[in-house]
Amino acid sequence: MPDKTPGERNRMRCIGLIAHVDAGKTTLTEGLLFACGEIRKRGRVDSRDTFLDTDVMERNRGITIYSKSALLHTPSHTYTLLDTPGHADFGTEMERVLSVLDCAVLLISIADGVNAQVRLLGDLLAHYHVPAVVFVNKTDQVTDGLPEKKAALLADIRKHLFFGAVDFTNGAGDAEVQENCALCLGQEELLLSVMEGENIPDAVICDGIRRREIVPVLFGAALRMEGVQELLTLLDRFVPDRKYGSGFAARVFKITRDPAGERETWMRLTGGSLAVRDTVTYSVSQTLSEDEEDSVSSLTEKTTGIRLYSGGKWTALAKAEAGDVVAVTGLTKTFSGQGLGEEKTLGGGVLTPALAFEILLPPKTDPHLAFRRLTQLEEAEPTLRFVYDERRKEIRAHLMGQVQKEIVQDLAMRRFGLPISFGTPSVVYEETIARPVEGVGHFEPLRHYAEVHLLMEPGERGSGLTFDTACPSDLLPRHYQNLVLTHLRERRHRGVLTGSLLTDVKITLIAGKAHEKHTEGGDFRQATYRAVRQGLMMAENVLLEPYDDFMIRLPSGLLGRAMQDLEKMHAKMELPDEEGGTAVLRGSAPVIMIEGYQESLTAYTKGEGKMSLRRGISRPCHNPEEVIAAAGYDPELDRGQPSASVFCEHGAGTLSPWYEVRERMHVDSGWRPAEEAAGTAGNAEEGAHFRTSGGTVLGTRPKEVLSFREAEARRLAGEDELRAIFERTYGPAKSREGGQKKTVRAAEPLPPSYRKPRPKAEKEYLLVDGYNIIHAWEDLSTLAEKDLKAARDRLLDILSDFAGFDKRSLILVFDAYKVTGGQERVMRYHNIDVVYTREAETADQYIEKAAHELIRHYGVTVATSDAVEQIIIFGAGAVRLSAGDLLLEIRSAKAAMREVLAQKMPPRSETGGTLAEKVRSAMDGQDATV
């Protein structure tokens, strides 16, 4: 790269080539490199010798998979040229590059025109505010009517892509070009001066391109080098220069690894400079698991190398300046879209995977080890996401399409020697809300305190999750408000219909409370998570599914057939366009319905029908009831997403379910739903679903708007019964102020559709935390200090005897979480089931999971002295039994067995003494060990 003086720094430019598949992008790249003298011979895709397609998979398939960089030198500028993938499956790779470009060159094949993929590229350029130049390629393939074809395509570009498209093929000085530029800029004085024969200054046109009011269009044929030099001239003359700040700033757009496995962070410096051994401090977000929160922290690391790439080769730099696109080594936790220094981090991308595939592993493959290896592939492709489904014991991959599936298979085999295949795809659903709702969360175990009130409002489609605060600082100090916003951002929040990710919601902190003495760091995390979840349980929830925008060209005589097919797919269609015996249909349809329609279209049109797809926005699901029922998701049993709040009563933390907590809050935010303020129930939005206090999903809002405590009261026969149960559980009702009791008034029972009653338990289970009991019972604890196995065997015998008398099915659980490579084992010991947990799973976790699953249909009692586990189990509806209470039950059972045996035994045995006395003596000896 030529030496640059500080005064020339703003003349460094970064341009990107984007196109739909087979538009000739790689051919144009070769032409630009050849025209600038960077290569001596142009490569060809079919010869597998192109300058930038250096990856083996790219050359074998003849497509661009990864974005690559090359340096172009003209007399006045140095360019970094970024070549991006054209295939839709790798559109996310292209999208990440857009954030670092000064200008994008959009290629359009004149044969394909403005298809659905091109329209998507146009939308992405608008989303990232990237100035553009259009190069219409392959004009040499048009033998007849080229002028008419050009005019029609230019009109399509203006209609569907850029209103300010201007044909620059005849040069910027052409009178028609000048007049069209003046019209696009909308300045009357400028138009008058052009009509008088004056040319528009280059700086004015350049500024119009920067504001996207003017989009130059060139026609050419890259294979024949037609229009290539004109494109370089146009870029030199009119691409706007970027101004850079003095402080270090950079945008990360790609993560790769070199052949030696060293991690490279690709970035463009947007300010200042970066030298080798400089320290960089940045935020790190580490995902723990699908159901847990992300931990967010900062990390400071030193750069160990700076590489300037051109094709497959690189040059080491001691220092990178603003405008340079470099690959930096030494940074271990950076990610695509991240801002470093003074640059801000981007939000989620527009393109997201719509399908999830089950990963099929070879026999005897450890799924946990395979999962850890496969997640390493996410580093280079953030939208590629592997998820381990604990319930189904399977790995699922979120992918863009068929070609990306094949690439993932190839990478897994090359990097890990792991042959994988894919099962049947499923749709990646999302969830949102239809109306504003307030979510409240309270976390107050003993010596902890935090309360959070969140206003949750529906956002625009595709906006994702946004967060803000409107809470007065005198109500909640600013540092606590920032803490709440941090906790909102650090987690992937899930909906309550199917457990899918939440999206398109604006969450605003409107009230909260802290305690001067007892509030600790993690308290607001818990209160925030519970507030989001409680709000969703209260909300009108909408299930979203991905839609594809389509454009179908087919003979006009078959238009009716196509429209009938699309109507069955629940598609939304525009009015068709017909011209010259050909019809064009545009619209959108659910991905799951329209995938594979090209085969049917080809069959009934005898090859004349063509369909192009682009990923659209998510829309309300066309069959939500079926999807929700198939998911079988119960939000109240999702331990990773709690909706209940914790209040301190009688010196201990107690759980209050989501439908009770609002009236128990210590702060009133003052917010009320619009229909509540107006005294009406309101009408549900189309596609909205509700969760009731019994877990039922309803398609319409209940006719009556009930308070939380009224809804609970209506489940009981009367006021006296309600008060008796409340006082048995919590003690006498007392007010927080004044010592006055609150009266809870009963009302009529709920309609059957409002709450789904839990079925009466036909069978009961007793779950026992083995090691907790051993260490809680004095005799067994003493024995365990000498021989843990002996203590475990003794407990097995005691519980086996007890199970013979007790009517409950007994499951004894032992920890094996420290056993490396340990697998879950279940064995039968006489009349009880014994479970040894797998590696990294405690008995607490197993018991909580088992209790949540069994409580749906059976009665469940859990024996443990773990206070936290007792609270969680109680919140799920199970009965708690301490280690001491279990011992009392066992001794009572033995006493009862003695009496039964004493009554049924004969008076005297042959060996002397009554048999009952011998049995009693044996039992007394057993009691002594307990």
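Here the structure is a predicted model, which is why all the values come from computation and not from measurement.

1. A look at the overall build of the chain
Turning to step 1, where the next piece is worked out: Summing up its helical and strand segments, the chain has 27 helices and 42 strands in all.
Turning to step 2, where the next piece is worked out: Long-range pairs, those at least 24 residues apart, make up 70% of the contacts in the chain with a sequence separation of at least 6.

2. Considering the sheet that holds strand 13 (residues 305-310)
Sheets are built from strands paired through backbone hydrogen bonds, the pairs being either parallel or antiparallel.
Turning to step 1, where the next piece is worked out: One open sheet accounts for six strands, arranged 14-13-16-9-8-17; its pairing is antiparallel. Each of the sheet's edge strands pairs with one partner strand only, and the pair in question is strand 14 (313-317) and strand 17 (339-341). Mean inter-strand twist for the sheet, computed between neighbouring axes without regard to direction, equals 40°.
Turning to step 2, where the next piece is worked out: In this sheet, strand 16 (residues 325-329) lies alongside strand 9 (residues 263-271) in antiparallel orientation, the contact comprising five bridges. For Met267, the partnering residue across the bridge sits in strand 16 and is Val326.

3. Quick notes on the side chain of Thr334
Turning to step 1, where the next piece is worked out: Locating Thr334 in the fold gives a position in the loop between strand 16 and strand 17.
Turning to step 2, where the next piece is worked out: With a relative accessible area of 4%, Thr334 lands in the buried category.
Turning to step 3, where the next piece is worked out: Engagement of the side chain of Thr334 in a polar contact is seen with the side chain of Thr265, the distance being 2.7 Å.
Turning to step 4, where the next piece is worked out: Excluding residues within four positions of it along the chain, Thr334 makes contact with Ile255, Arg263, Thr265 and Tyr282.

4. Details of helix 22 (residues 778-786)
Turning to step 1, where the next piece is worked out: For helix 22, the complete set of buried residues consists of Leu780, Ser781 and Ala784. The buried residues of helix 22 occupy one face: seen down the axis, they fall within an arc of 100°. What points out from helix 22, more than 90 degrees from its buried face, is the exposed set Glu778, Glu785 and Lys786.
Turning to step 2, where the next piece is worked out: Residues of helix 22 that are buried sit in contact with helix 21 (770-776) and helix 23 (788-805).

5. Details of the environment of Thr74
Turning to step 1, where the next piece is worked out: Within the secondary structure layout, Thr74 lies in the loop between strand 2 (68-73) and strand 3 (78-83).
Turning to step 2, where the next piece is worked out: Placed 39 residues apart in sequence, Thr74 and Ala35 show a C-alpha to C-alpha distance of 9.4 Å.
Turning to step 3, where the next piece is worked out: Dropping the residues within four chain positions of it, Thr74 is found in contact with Cys36, Tyr79, Leu232 and Asp236.

6. Side note on the environment of Gly439
Turning to step 1, where the next piece is worked out: With respect to the helices and strands, Gly439 occurs in strand 23 (residues 437-443).
Turning to step 2, where the next piece is worked out: What makes Gly439 buried here is its relative accessible area of 0%.
Turning to step 3, where the next piece is worked out: Taking the C-alpha atoms as reference, Gly439 lies 4.7 Å from Ala531; in sequence the two are 92 residues apart.
Turning to step 4, where the next piece is worked out: Not counting residues up to four positions away in its chain, the partners in contact with Gly439 are Val452, His453, Leu454, Ala531, Gln534 and Gly535.

7. So, the packing of aromatic side chains
Turning to step 1, where the next piece is worked out: Here the structure, examined in full by the defined rule, presents nine aromatic pairs.
Turning to step 2, where the next piece is worked out: Between Phe814 and Tyr836, the aromatic rings sit 5.6 Å apart at their centres with planes inclined by 25°, giving stacked as the arrangement. Linking Phe814 in strand 38 (residues 809-814) with Tyr836 in strand 40 (residues 832-836), this pair joins segments that are 22 residues apart in sequence.
Turning to step 3, where the next piece is worked out: The buried category is assigned to Tyr836, whose relative accessible area is 13%.
Turning to step 4, where the next piece is worked out: Three or more aromatic residues joined by ring pairs make a cluster, and in this case those are Phe253, Trp266, Tyr309 and Trp314.
Turning to step 5, where the next piece is worked out: In this arrangement the basic side chain of Arg491 is found over the ring face of Tyr529, its NZ or CZ atom lying 4.1 Å from the centre.
Turning to step 6, where the next piece is worked out: The cationic tip of Arg792 hangs over the ring face of Phe814; the distance from NZ or CZ to the ring centre is 5.9 Å.

8. Quick word on the packing of helix 1 (residues 25-35) against helix 9 (residues 228-238)
Turning to step 1, where the next piece is worked out: At a closest axis distance of 9 Å, the pairing of helix 1 and helix 9 adopts a crossing angle of 70°. Taken as axis vectors, helix 1 and helix 9 run roughly perpendicular relative to one another. Residues Leu28, Gly31, Leu32 and Ala35 of helix 1 pack against Val228, Gln229, Leu231 and Leu232 of helix 9.

9. Observations regarding the pairing of strand 8 (residues 249-257)
Working note: regular strand, side chains alternate between the two faces of the sheet.
Turning to step 1, where the next piece is worked out: Here strand 8 lies mainly inside the structure; eight of its nine residues are buried.
Turning to step 2, where the next piece is worked out: Looking at chain direction, strand 8 and strand 9 are connected through eight bridges and run antiparallel. Bridging from a neighbouring strand, Val252 pairs with Met267 of strand 9.
Turning to step 3, where the next piece is worked out: Turn length for the strand 8-strand 9 hairpin, with the two strands adjacent in sequence and antiparallel, is five residues, and the turn residue Gly261 shows positive phi of about 90°.

10. Quick word on the sheet that holds strand 4 (residues 103-109)
Turning to step 1, where the next piece is worked out: Spatially, 2-3-1-4-5-7-6 is the arrangement adopted by the seven strands of the open sheet, whose pairing is mixed. One side of each edge strand has no neighbouring strand; the edge strands of this open sheet are strand 2 and strand 6 (165-167). Along the sheet, successive strands turn relative to each other by an average axial angle of 25°, direction set aside.
Turning to step 2, where the next piece is worked out: Against the sheet, helix 5 (residues 146-160) engages strand 4, strand 5 (132-137), strand 6 and strand 7 (215-219), with an angle of about 160° to strand 6.

11. Quick notes on the confidence of the model for the chain
Turning to step 1, where the next piece is worked out: Overall, the predicted model of the chain reaches an average pLDDT of 79, with 78% of residues at or above 70.
Turning to step 2, where the next piece is worked out: Under a pLDDT of 50 for its full length, residues 1-10 has, in the predicted model, 18 contacts with residues more than four places off or in other chains.
Turning to step 3, where the next piece is worked out: For the stretch residues 733-760, pLDDT sits under 50, and the model shows 46 contacts to residues farther than four places along the chain or on other chains.

12. So, the nonpolar core
Turning to step 1, where the next piece is worked out: With 41 residues, the main nonpolar core has Leu28, Leu32, Val105, Phe168, Ile214, Leu231 and Leu235 as its most contacted residues.
Turning to step 2, where the next piece is worked out: At six residues, helix 9 tops the list of elements feeding residues into this core.
Turning to step 3, where the next piece is worked out: In terms of nonpolar packing, the next biggest core, distinct from the first, is built from 37 residues, Leu101, Ile108, Ala132 and Ala327 among them.

13. Quick notes on helix 8 (residues 202-210)
Turning to step 1, where the next piece is worked out: Residues Ile205, Cys206, Gly208 and Ile209 constitute the buried set of helix 8. For helix 8, the angular spread of the buried residues around the axis is 160°, confining them to a single face.
Turning to step 2, where the next piece is worked out: As for helix 8, its buried residues are in contact with helix 6 (175-185), strand 7 and helix 9.
Turning to step 3, where the next piece is worked out: Once helix 8 finishes, Arg212 follows within two positions and takes phi at roughly 65°, a positive value.

14. A closer look at unusual backbone geometry
Turning to step 1, where the next piece is worked out: The phi dihedral of Arg447 falls on the positive side, at around 70°, and the residue is not glycine.
Turning to step 2, where the next piece is worked out: Inspection of the secondary structure puts Arg447 in the loop between strand 23 and strand 24 (450-458).
Turning to step 3, where the next piece is worked out: Residue Arg447 is classed as exposed on the basis of its relative accessible area of 57%.
Turning to step 4, where the next piece is worked out: Its identity as a non-glycine residue notwithstanding, Lys606 has a phi of 55°, on the positive side.
Turning to step 5, where the next piece is worked out: Topologically, Lys606 is positioned in the loop between helix 16 (597-604) and strand 32 (610-620).
Turning to step 6, where the next piece is worked out: By relative accessible area, which is 74% here, Lys606 ends up exposed.

15. A closer look at the pattern of salt bridges
Turning to step 1, where the next piece is worked out: The tally for this structure, following the rule as stated, stands at 26 salt bridges.
Turning to step 2, where the next piece is worked out: With a closest N to O distance of 2.9 Å, Asp102 and Arg268 form a salt bridge. Taken together, the positions of Asp102 in the loop between helix 3 (91-98) and strand 4 and Arg268 in strand 9 put the pair 166 residues apart, joining distant regions of the chain.
Turning to step 3, where the next piece is worked out: The closest approach of N and O atoms between Arg586 and Asp577, which form a salt bridge, is 3.2 Å.

16. Quick look at the side chain of Ser109
Turning to step 1, where the next piece is worked out: Positionally, Ser109 belongs in strand 4.
Turning to step 2, where the next piece is worked out: In this structure, Ser109 is in contact with His20, Ala23, Asn137 and Lys138, ignoring residues within four places of it in sequence.

17. Considering the pairing of strand 24
Turning to step 1, where the next piece is worked out: Of all the nine residues making up strand 24, seven are buried; the element is thus mostly covered by neighbouring parts of the structure.
Turning to step 2, where the next piece is worked out: If you look at the hairpin formed by strand 23 and strand 24, you'll find six residues sitting between the two strands, and Arg447 has a positive phi there, around 70°.
Turning to step 3, where the next piece is worked out: Bridge analysis of strand 24 against strand 27 (residues 505-513) gives eight bridges, and the strand direction is antiparallel. The residue of strand 27 that forms the bridge with Glu451 is Lys513.

18. Things to note about the environment of Val437
Turning to step 1, where the next piece is worked out: Among the structural elements, Val437 can be located in strand 23.
Turning to step 2, where the next piece is worked out: Val437 sits 236 residues away from Pro673 along the chain, and the two C-alpha atoms are 6.8 Å apart.
Turning to step 3, where the next piece is worked out: Beyond its immediate chain neighbours, meaning those up to four positions away, Val437 contacts Leu454, Leu455, Met456, Gly535, Met538, Ala539 and Trp671.

Conventions we followed
- Residues numbered from 1 in each chain as written.
- Predicted model: local features only at pLDDT ≥ 70, side-chain atom pairs only at ≥ 80, totals over all residues.
- Heavy atoms only, no water.
- Helix = DSSP H or I, 4+ residues; strand = E, 2+ residues; numbered from the N terminus.
- Contact = heavy atoms within 4.5 Å.
- Pairing = 2+ DSSP bridges.
- Axes fitted to C-alpha atoms, helices over the stretch in contact; angles between N-to-C directions.
- Buried < 20%, exposed > 50% of the residue type's maximum accessible area, 1.4 Å probe, protein only.
- Polar contact = N/O pair within 3.5 Å; in protein donor to acceptor, adjacent residues only side chain to side chain.
- Arc of directions from axis to C-beta.
- Phe/Tyr/Trp six-rings, centres within 6.5 Å; stacked < 30°, edge-to-face > 60°.
- Lys NZ or Arg CZ within 6 Å of the ring centre and 35° of its normal.
- Parallel < 35°, antiparallel > 145°, perpendicular 65-115°, else oblique.
- pLDDT = per-residue confidence, 0-100.
- Core = buried A, V, L, I, M, F, W, Y, C linked by side-chain atoms within 4.5 Å.
- Salt bridge = Lys/Arg side-chain N within 4 Å of Asp/Glu carboxyl O.

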